[in-house]
Amino acid sequence: MRVSICIGSACHLKGSREVIQKLQKLVSENHLDSEVDLNGDFCSGNCRKGVCVTIDGELYSVKPETTEEFFQKEILGRLNA
Ligand code: FES
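Please read all numbers here as calculations on a predicted model, not as lab measurements. (Residues numbered from 1 in each chain as written. Predicted model: local features only at pLDDT ≥ 70, side-chain atom pairs only at ≥ 80, totals over all residues. Heavy atoms only, no water.)

Student: What am I meant to see in the sheet that holds strand S3 (residues 52–55) here?
Tutor: In a beta sheet, neighbouring strands are held together by backbone hydrogen bonds and run either parallel or antiparallel to one another. With respect to topology, 4 strands assemble into an open sheet ordered S2-S1-S3-S4, the strand pairing being mixed. For this open sheet the edge positions go to strand S2 (37–41) and strand S4 (58–61), each flanked by a neighbour on one side alone. Looking at each pair of strands side by side, their axes are set apart by 25 degrees on average, direction ignored. Across 3 bridges, strand S1 (residues 2–6) lies against S3 in antiparallel orientation. Across the sheet, residue Ser4 finds its bridge partner in S3, namely Thr54. Here helix H2 (residues 16–29) sits on the sheet and contacts S1, S2 and S3; the angle it forms with S1, its principal contact strand, is near 155 degrees. With respect to the sheet, helix H3 (residues 67–79) is in contact with S1, S3 and S4, its orientation differing from that of S3 by roughly 15 degrees. (Pairing = 2+ DSSP bridges. Helix = DSSP H or I, 4+ residues; strand = E, 2+ residues; numbered from the N terminus. Axes fitted to C-alpha atoms, helices over the stretch in contact; angles between N-to-C directions. Contact = heavy atoms within 4.5 Å.)

Student: I keep staring at the pattern of salt bridges and nothing clicks. Help me out?
Tutor: A side chain with one charge can pair with a side chain of the opposite charge if their charged atoms come near. Evaluated as defined, the whole model comprises 5 salt bridges. The closest approach of N and O atoms between Glu29 and Lys25, which form a salt bridge, is 3.2 Å. You can see Glu29 and its partner Lys25 sitting in helix H2, 4 residues apart, about one turn around the helix. Owing to a relative accessible area of 51%, Lys25 belongs among the exposed residues under this scheme. For the salt bridge of Glu58 with Arg78, the shortest nitrogen-to-oxygen distance reads 3.0 Å. Here Arg78 lies in helix H3 and Glu58 lies in strand S4, a separation of 20 residues in the sequence. (Salt bridge = Lys/Arg side-chain N within 4 Å of Asp/Glu carboxyl O. Buried < 20%, exposed > 50% of the residue type's maximum accessible area, 1.4 Å probe, protein only.)

Student: Sorry, what's going on with the packing of H2 against H3 here?
Tutor: Packing of H2 against H3 leaves a shortest axis separation of 10 Å and a crossing angle of 50 degrees. One element, H2, and the other, H3, form an angle in the oblique class. At the point where H2 passes H3, the crossing takes the right-handed sense. Touching Val19, Lys22, Leu23, Leu26 and Val27 of H2 are Thr67, Glu68, Phe70, Phe71 and Ile75, all from H3. Of the residues that constitute the contact of H2 with H3, the class distribution is 7 nonpolar, 1 polar and 2 charged. (Parallel < 35°, antiparallel > 145°, perpendicular 65-115°, else oblique. Left-handed = near helix turned anticlockwise from the far one by under 90°. Nonpolar A, V, L, I, M, F, W, Y, C, P; charged D, E, K, R; others polar.)

Student: Is there a simple way to think about the pairing of S1 in this case?
Tutor: One face of the sheet, then the other: side chains in a regular strand alternate in exactly this way. The element S1 is largely enclosed, with a buried count of 4 among its 5 residues. As paired elements, S1 and S2 share 5 bridges and run parallel to each other. Each bridged residue has a counterpart across the sheet, and for Ile5 the counterpart in S2 is Gly40.

Below, the structure is given as structure tokens:
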């Protein structure tokens, strides 16, 4: 699974760094390093939806406060599907 987090300036201001750090932590705590490939991505023009995160190309809008929920629902949810 390829997860990309936008590191463009608008998403950066909305906390993309924090989202990345939280996701890295959650991925390693759940021993998913070999299944989840976390990447930084450039602005995709969806700045208003920031922080923009894509899972295999599908766009989600994540905030630092919702990162954990996003991880549980979308990442673990997909892996367990
Ligand atoms: S800065 Fe993230 S989509 Fe533009």
